[in-house]
Amino acid sequence: MFDLIFAGSPAVDHPIAEPQGLPPVLAQRLRQAPLVALEKTFQAARDHQACGLVLCGSILDSLRASPAQVVALRGLILQASAHGCETIWVTTDSTSPREILRMLGEPTGLAFATPLTPWTTTIRSATVELWAVADAEDAKRATATDPGTPLHRRLLVGDGFMATSRPVEQVLLPEVINRPDTLAVWATATATPLPSSVLRLPQLQPRSRAATGSGAYGLTLYRPPSAAPASPAADTAELPLVSGWQPLATEQVRWRTIQIESAEGDQETLAEELWNILKPAASSSATPAATDQTSEPLTLVDCQIACGTSVDRRIEVGGLAAEATRRLRERCAAAAPMLWCERIVAAADESLAPLGHSRSGGQPGSSNSFTSALADIVTEQETIDGSDPLSREAAWLALELLEAD
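Residues numbered from 1 in each chain as written. Predicted model: local features only at pLDDT ≥ 70, side-chain atom pairs only at ≥ 80, totals over all residues. Heavy atoms only, no water.

On to the overall build of the protein. In terms of regular secondary structure, the protein is built from 12 helices and 14 strands. When burial is assessed residue by residue, the protein has 46% of its 405 residues classed as buried. Considering only contacts within the protein whose residues lie at least 6 apart along the sequence, 70% involve residues at least 24 apart. Entry remark: accessible area of the protein is about 19300 Å², with carbon and sulfur atoms responsible for 53%. (Helix = DSSP H or I, 4+ residues; strand = E, 2+ residues; numbered from the N terminus. Buried < 20%, exposed > 50% of the residue type's maximum accessible area, 1.4 Å probe, protein only. Contact = heavy atoms within 4.5 Å. Areas by Shrake-Rupley, 256 points an atom, 1.4 Å probe, with all protein chains shown as cover.)

Helix length check: helix α1 (residues 24–47), at 24 residues, gives a terminal C-alpha distance of 32 Å against a target of 34 Å (1.5 Å per residue), a fit within 8%. The largest bend along α1 reaches roughly 55° and is located at A33, with the proline P34 sitting one to four residues downstream. (Expected span 1.5 Å × (residues − 1). Bend = angle between axes of the 7 residues up to and from the residue.)

Within the open sheet, the six strands sit side by side as β4-β3-β2-β1-β10-β11. Their pairing is mixed. In the strand order of this sheet, the two ends are held by β4 (110–113) and β11 (242–248), each with one partner. Neighbour-to-neighbour, the strand axes of the sheet open up by a mean angle of 25°, direction not taken into account. Where strand β2 (residues 52–56) meets strand β3 (residues 86–90), four bridges bridge the pair, whose relative direction is parallel. Paired with V54 across the strands is I88, a residue of β3. Here helix α3 (residues 96–104) sits on the sheet in contact with β3 and β4, set at roughly 160° to β4. (Pairing = 2+ DSSP bridges. Axes fitted to C-alpha atoms, helices over the stretch in contact; angles between N-to-C directions.)

Time to look at the nonpolar core. By size, the foremost hydrophobic cluster in this structure holds 30 residues, and its most contacted members are I5, L60, L73, W89 and L104. At the level of secondary structure, the elements contributing two or more residues to this core comprise β1 (4–8), α1, β2, α2 (67–82), α3 and β4. Sequence-distant contacts of L60, defined by excluding residues within four places in its chain, comprise V12, D13, A65, Q69, V70, L73, W89, M103 and L104. Judged by nonpolar contacts, the second largest core, of 25 residues, contains W119, V128, L130 and A187. (Core = buried A, V, L, I, M, F, W, Y, C linked by side-chain atoms within 4.5 Å.)

The pairing of strands in a sheet happens through backbone hydrogen bonds and is either parallel or antiparallel. Ordered in space as β12-β13-β14, the three strands form an open sheet in which the pairing is parallel. Of all strands in the sheet, those with a lone pairing partner are β12 (253–261) and β14 (339–346), marking the two edges. Each strand of the sheet is rotated relative to its neighbour by a mean of 20°, with strand direction disregarded. Note: β12 against strand β13 (residues 298–306), nine bridges, orientation parallel. Directly across from R256, in β13, lies its bridge partner V301. Running over the sheet, α1 touches β12, β13 and β14 and is turned about 110° from β13. Where helix α9 (residues 311–335) meets the sheet, its contacts fall on β13 and β14, and the angle it forms with β14 comes to roughly 170°.

One pass over the structure, following the stated rule, counts three aromatic pairs. Look at F6 and W245: their rings are 5.5 Å apart centre to centre, the planes differ by 65°, and that puts the pair in the edge-to-face class. You can see F6 sitting in strand β1 and its partner W245 sitting in strand β11, a full 239 residues away along the chain. In this structure W245 comes out as buried when scored by relative accessible area, which is 18%. (Phe/Tyr/Trp six-rings, centres within 6.5 Å; stacked < 30°, edge-to-face > 60°.)

Quick look at the packing of α1 against α2 now. In the contact formed by α1 and α2, the axes pass within 10 Å of each other and the chain directions differ by 5°. Looking at the two axes, α1 sits roughly parallel to α2. Note on element contacts: α2 touches α1 through A72, L73, L76, I77, Q79 and A80, opposite L35, L38, E39, F42 and R46. (Parallel < 35°, antiparallel > 145°, perpendicular 65-115°, else oblique.)

With that settled, consider the confidence of the model for the protein. With 89% of its residues at a pLDDT of 70 or more, the protein shows a mean pLDDT of 87. Counting contacts from residues 226–237, a segment whose pLDDT is below 50, to residues more than four positions away or on other chains yields seven contacts. Predicted confidence is poor over residues 360–366, with pLDDT under 50, and the contacts of this stretch with residues over four places away or in other chains come to 10 contacts. (pLDDT = per-residue confidence, 0-100.)

We now examine the pairing of strand β7 (residues 152–159). Most of β7 sits out of view: eight of its eight residues are buried. Burial of the side chains of β7 extends over both faces: H152, R154, L156 and G158 are buried on one face and R153, L155, V157 and D159 on the other. Pairing of strand β6 (residues 126–133) with β7, which is carried by seven bridges, proceeds in the parallel orientation. Within β7, the position partnered with L130 by the bridge is L155. Here β7 pairs with strand β8 (residues 182–187) via six bridges, running parallel. Along β8, the bridge assignment pairs L155 with L183.

This paragraph deals with unusual backbone geometry. Glycine aside, residues mostly have negative phi angles, and peptide bonds mostly take the trans form. The backbone phi angle of A11 is positive, close to 45°, even though this residue is not glycine. Tracing the backbone shows A11 in the loop between β1 and α1. Unlike most non-glycine residues, Q49 shows phi in positive territory, near 55°. Tracing the chain through its elements places Q49 in the loop between α1 and β2.

Taking burial as the measure, the five residues of β1 include five buried ones, the bulk of the element. Burial along β1 is two-sided: L4, F6 and G8 and I5 and A7, pointing in opposite directions, are all buried. As judged from the five bridges shared by β1 and β2, these two strands associate in the parallel manner. Among the inter-strand pairings, G8 is bridged to a residue of β2, identified as C56. Between β1 and its parallel partner β2, the chain crosses via α1, and the hand of that crossover is right-handed. Across three bridges, the pairing between β1 and strand β10 (residues 216–221) is antiparallel. (Right-handed = clockwise from strand over helix to strand, strands pointing away.)

The structure is reproduced here in structure tokens:
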């Protein structure tokens, strides 16, 4: 059982981009995914008898949300409250709770955590404070006072989803997160390294394949054994704060990228090779345990064909892609309706370095000279700024257009 469940940026009113050609049934699943993921999280909170469900990041924008979305969130909050679970809305704007309460009609069981006012409760005889922190001053303020008792825990929740948010190391300073009574949670959709003492919270339902991680997380505070010392503050302070921080699968849409080495053959051969990779996933989704398609996530597959340095093969793959995609989608629809092939393309992230002057031997005035010069420019730029998928994709497209002419 979890004491608290955390959901990062559910963004109920933020739709997921719909791939071209997606069947209406799957498109409906895609549109409902953010709300369904949040519903599963509230259900998990009830199943685990959690005392609180913590929502942070983008949740519901009063200027963009539809009435149906507002009603749905209000209903989830009321249902959780009826089961003894509070919903804690974490916001770094201390004035927004009034607007949120007005939007939702002041539902029972909705509480707030801000940089000025924490949410407070009692868990396992310990007083727990949960604060929102936007900068180092907020974190220092939250930990400034001496609680006066060893049975006191502070949870600091930082929102790293916003583009304007400060880096984690500027918000959660070592003197704050290394305190024995303080636990920090950092909500982020990226793979940015975090201090070892900070818990990572990903997006509840990612919006694209660029996101890293997904789902809710359950937190279990440390339960001291009955033989543990109850009175000496020093001994109790040395006990760990957390005994469990575990992911909960709640996402309704997943992204998968598969890549195969380019092989000679027509569109049927290409589709067959890709299907052989997807077949295990299709078989697992067809098992009795997965027959309920309302609970099975929709998986959007991006198929990448590695062509090495062959521009001719890249052009050939482009010509085969439409028919191969149609064949692969037919296979998925028959065996695994929750698998959808977004596209089949020549891999755009392959390095252009082998085409550079130092390896290609390009001669001035030839197309090969242009190819080598372009490869050198992209490679040099990547050496300075790091790998950029868009630069590689644009370069390969230019070479394909040149070759096609």
